[in-house]
Amino acid sequence: MDYTIKIGGEAGQGIQTIGDSLAKVFSRFGYYVFTHQEYESRIRGGHNFYQIRFSDSPVTASKSVIDILVCLDNESIKAHKKELTLYGTAIYDSKLTKESIDDNRFLNIPLLEMAERFGKNKIMANTVAIGAVLGMLDFPQEVFLNILQENLGKKGGEVVKLNKDSFVAGYEFAKKECLQCAFTITPSGKPKMLMGVNESIGIGAITSGCKFYSAYPMTPSTGIMLFLASKAEEFEIIVEQAEDEIAAINMAIGASFAGMRSMTGTSGGGFALMVEGLSLAAMTETPIVIALAQRPGPATGLPTKTEQADLLFAIHAGHGEFPRVIFAPGSPDQAFYLTNKAFDISQKYQIPAFILTDQYLSDSQWTIDEIDLTKYKHTQYRIRGEKLESIKDYKRHLFTENGISFFGIPGTSTRLIITDSDEHDEEGHITEDPDIRVKMVNKRLHKKWPLIKREMGLPYFYGDSDADIVIVGWGSTYGVIKDSIDILSRNKKIAMMHFSELYPLPDSEDYMNILKKAKKTIGVENNARGQFARLIKTETGFEFDSIINRYDGRPFYSDLLARSINDIIG
Amino acid sequence: MISLADYQGKMPAWCPGCGNYSILRAFKEALIELYIAPHEFTIVSGIGQAGKFPHYLRCNTFNGLHGRTLPVATGIRLANNKMLVIAVAGDGDCYGEGGNHLIHAIRRNIGVKLFVHNNQIYGLTKGQASPTSMEGMFTKNQPFGVLSGQLNPVTLAVALDCSFVARGFAGDINHLKGIMKEAINHKGFALLDILQPCVTFNKVNTYDWYRQRVYPIEGEYNPEDRLSAFKKSLEWGDRIPIGVIYINRRQTFEERIPFLKDRPLIDHELFTDNWSESIKKVLDEFF
């Protein structure tokens, strides 16, 4: 069993409500779920959709074909009719679409009329639609009804009843009228978590002891701030909406200097404004974690669409030479783990650490069985109080063997914590001395760099261990490449190599040997130039045989990607 | 006992006769009179001659970027609201490059004290106009004279309902020390604009120029009356008032954050004993 449902309509029609509810129903029932969304940069109107794939075996990406299409407007019919499978079914309300469709795969359901009759309000059309979809699937009603009770129980019996009546009306109507519906619902497993990457970054940050998050709202990173704000009181985190991204990063640096684990988040344009602050964090050796959720540029670009085009920007951003680490998770559970690692490494080496995502990943949800909390690290590297006081002749930027100097928390002892954005001496005071300059660069960069490289985890290898063909990806393409490997491995010796710990590249020959041994290597990137391929070439001299790029602002779909790979390997 | 020796820092690299020396002197005396030890406060400074200020003292120091003193100071103050945080910037730094941050720091009423060394010129870059340079003043970079209007930071701050607004003069150390102490004791955001002659590059606003004009606010003036404060702030020309111009006692940003009431953020446990349990509860919301 592997079905895809797509809900299309204008912004403001409740697509998200329908999609979120259905996805929750399936994950609660114990299915594996993957959802993704596309929307336009507007509050009302336009064409948006929400796509849900659910299965009794793991799913990690969207397919390009749909089994059930919910059309809340005429545009949805036009745009997505061709994606419907031969046995697929679409529902629409001719009152909303303003026309009737003469196609036996299309079922006209009076969503609005039923909403007014059973729910006493047009807005209940969403609940009718949820009922209709589950009715078409002949799916057990109580899963949704339980969630309804949990979510709306507080609002009183009448609200629950109106929703329930609307739901049942849609359910019964579709079950009775959808003559060609022949979906098979298989037994399910244990209930699963349904989570997006912005939320798992948020949880990862809380778990890592993040106490300060300052940012300026920017799609698609805003979800991280919203999640942390929702937990601010419970976990005592300061979440501050700064006046601009420059303030955001500088505030986070200030809070970090003063002793708190701090983070900021943004997208490409906002990060462009933060770049000077990034350099400041590096010069003052102040730890900071930056979530960079990519979207297509240049400039405002396609503000609500997806792209992986800021990798080289993140690597090279900032004037001067300094170390940084870049992680690019491919799924919510990787994001949780890597956010924790970003905090740990940034604290340990007193450097900036990035978590690179994109719109596709930020607006996707995955099912997760569990998150292993024993894997996270929470070493406290900062020193304070008596321990700080006991260091005679404390110097913030003391020259040491490994380049790392004790970072005291100011105000907790009589030791003074001094730092400067100018080049500085060990104490932290401004200097232009050439010898100190060279020693400081060596401390910040050359001494730390080899140690940082050793911290980087190896790429994830999936598929035939003796593969002829290796598909290489990074970040958000994890799920879609994995899915296409499953499709292609039936008759090919093929494997995936996925990098989520990107920069510096892991310090190992093993993965390079696999690439060199393969008959064909293909890079897959959601950008125009193959930025990761360029990174590999620059760092190792190795060049992929081919690169599959997509840069129309849309994500890869696993069946289409499998076809593209097939076209290359023949 | 805290004495001047406790604050002995590096040898200043300012020009002889620079107004910064008097500001430094007034500041050290204010600290001594308030019994504030070097480790009990942090100075965040920017870039410009004023930016070097904390190096010529002894204290916790974050000498950051040009224009960005206030966001860094805000971050420090939020992480540790028991720490006295003073931002030191010049007129170019704070009124030019960092103008937006000034507006929003005032709105937040964050408990940071901002001392602006306002010499009405760019010193470090050798004599270009600043936002507070007088209209028509000639510099190498303003061949037709300064074309833009002169920014009045005091009026701006009163208009934004800044909770403490004052003006000092580097030529009157005792008076300056007094308002520095008032600013430090004020619980919300404080702007102290300090008129400071630049002996090398500003040939208009000299010691004499200021001395002929500045007068201390005395008598029946009520700084809590916003309208009269606004009127007072507009005085510039033949007579320039120095002293506390406006005070309001609205709640500070920190006071509005419930969990900062008892102890500063840095004294909160990073990982409590039941940490995993709390995280598990959050994860359960996703089932």
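Residues numbered from 1 in each chain as written. Chains lettered and ligands numbered in written order. Predicted model: local features only at pLDDT ≥ 70, side-chain atom pairs only at ≥ 80, totals over all residues.

## Things to note about the overall build of chain B
Item 1. Within chain B, the regular secondary structure consists of nine helices and eight strands.
Item 2. For 287 residues, the compact-globule estimate of 2.2 N^0.38 gives 19 Å, and the C-alpha radius of gyration of chain B, at 20 Å, lies within 12% of that figure.
Item 3. Referenced to the eigenvectors of the C-alpha coordinate spread, the extents of chain B come out at roughly 70 × 45 × 40 Å.
Item 4. In chain B, which comprises 287 residues, the share counted as buried stands at 50%.
Item 5. Looking at chain B alone, contacts between residues at least 24 apart form 70% of all its contacts between residues at least 6 apart. (Helix = DSSP H or I, 4+ residues; strand = E, 2+ residues; numbered from the N terminus. Rg over C-alpha atoms; globule rule 2.2 N^0.38 Å. Buried ≥ 20, exposed ≤ 12 C-beta atoms within 10 Å, placed from the backbone. Contact = placed C-beta atoms within 7 Å.)

## Observations concerning the sheet that holds strand β6 (residues 106–108) of chain A
Residues and elements named next belong to chain A.
Item 1. Here eight strands make up an open sheet; going across it, the order is β6-β5-β4-β1-β3-β2-β14-β7 and the pairing mixed. Two strands close off the open sheet at either side, each with one partner strand: β6 and β7 (193–196). Looking at each pair of strands side by side, their axes are set apart by 20° on average, direction ignored.
Item 2. In the sheet, strand β1 (residues 2–11) pairs with strand β3 (residues 45–55) via nine bridges, with the strands oriented antiparallel. Paired with I7 across the two strands is Y50, which belongs to β3. (Pairing = 2+ DSSP bridges. Axes fitted to C-alpha atoms, helices over the stretch in contact; angles between N-to-C directions.)

## Notes on the packing of helix α1 (residues 19–33) of chain B against helix α6 (residues 173–185) of chain B
Residue and element names in this part refer to chain B.
Item 1. Look at α1 against α6: their axes get within 8 Å of each other, and the N-to-C directions meet at 50°. By the criterion of interaxial angle, the relationship of α1 to α6 is oblique. The interaxial crossing formed by α1 with α6 has right-handed handedness. The segment α1 lies against α6, with S22, I23, R25, A26, F27, E29, A30 and E33 engaging I173, L176, K177, M180, K181 and I184. (Parallel < 35°, antiparallel > 145°, perpendicular 65-115°, else oblique. Left-handed = near helix turned anticlockwise from the far one by under 90°.)

## Some remarks on helix α4 (residues 111–119) of chain A
All names here are of chain A.
Item 1. Considered for burial, the residues of α4 that qualify are L111, M114, A115, F118 and G119. One side of α4 carries all its buried residues, which in axial view fall inside an arc of 105°.
Item 2. Where the residues of α4 are buried, they touch α3 (94–97), α5 (125–137) and α7 (157–177). (Arc of directions from axis to C-beta.)

## Re the environment of K98 of chain A
Residue and element names in this part refer to chain A.
Item 1. Of note, K98 is situated in the loop between α3 and β6.
Item 2. Assessed through the 9 C-beta atoms surrounding it within 10 Å, K98 is described here as exposed.
Item 3. Residues K98 and A125, 27 residues apart in the sequence, show an inter-C-alpha distance of 16 Å.

## Structural notes on the sheet that holds strand β13 (residues 352–358) of chain A
All names here are of chain A.
Item 1. A sheet is described by the order of its strands in space; here seven strands give the open sequence β9-β8-β10-β11-β13-β12-β19, paired in mixed fashion. Each edge of the sheet is formed by a strand with only one pairing partner; in this case those strands are β9 (238–241) and β19 (501–503). Averaged over all adjacent pairs, the angle separating strand axes in this sheet is 20°, with direction ignored.
Item 2. Note that strand β12 (residues 325–327) and β13 share three bridges and pair parallel. If you follow V325 over to β13, its bridge partner there is A353.

## Let's talk about the interface of chain B and chain A
Item 1. Counting from both sides, the interface comprises 43 residues of chain B and, opposite them, 52 residues of chain A.
Item 2. Contributing elements (two or more residues each) for the side of chain B that touches chain A: β2 (60–63), α2 (69–79), α4 (99–108) and α9 (275–284) of chain B.
Item 3. Looking at side-chain class alone, the side of chain B that touches chain A contains 23 nonpolar, 15 polar and five charged residues.
Item 4. With three bridges connecting them, strand β15 (residues 418–420) of chain A and β2 of chain B associate as parallel partners. The partner of I418 of chain A across the bridge, within β2 of chain B, is T61 of chain B. (Nonpolar A, V, L, I, M, F, W, Y, C, P; charged D, E, K, R; others polar.)

## A word on the domain arrangement of chain A
Residue and element names in this part refer to chain A.
Item 1. Along its sequence, chain A is organised into domain 1 (2–177), domain 2 (195–375), domain 3 (385–455) and domain 4 (460–569).
Item 2. Between domain 2 and domain 4, the C-alpha centre-to-centre distance is 25 Å.
Item 3. If you look at the interface, domain 2 gives 24 residues, while domain 4 gives 21 residues.
Item 4. The residue makeup of the side of domain 2 that touches domain 4, split by class, is 15 nonpolar, six polar and three charged. (Domains from an automatic or database assignment.)

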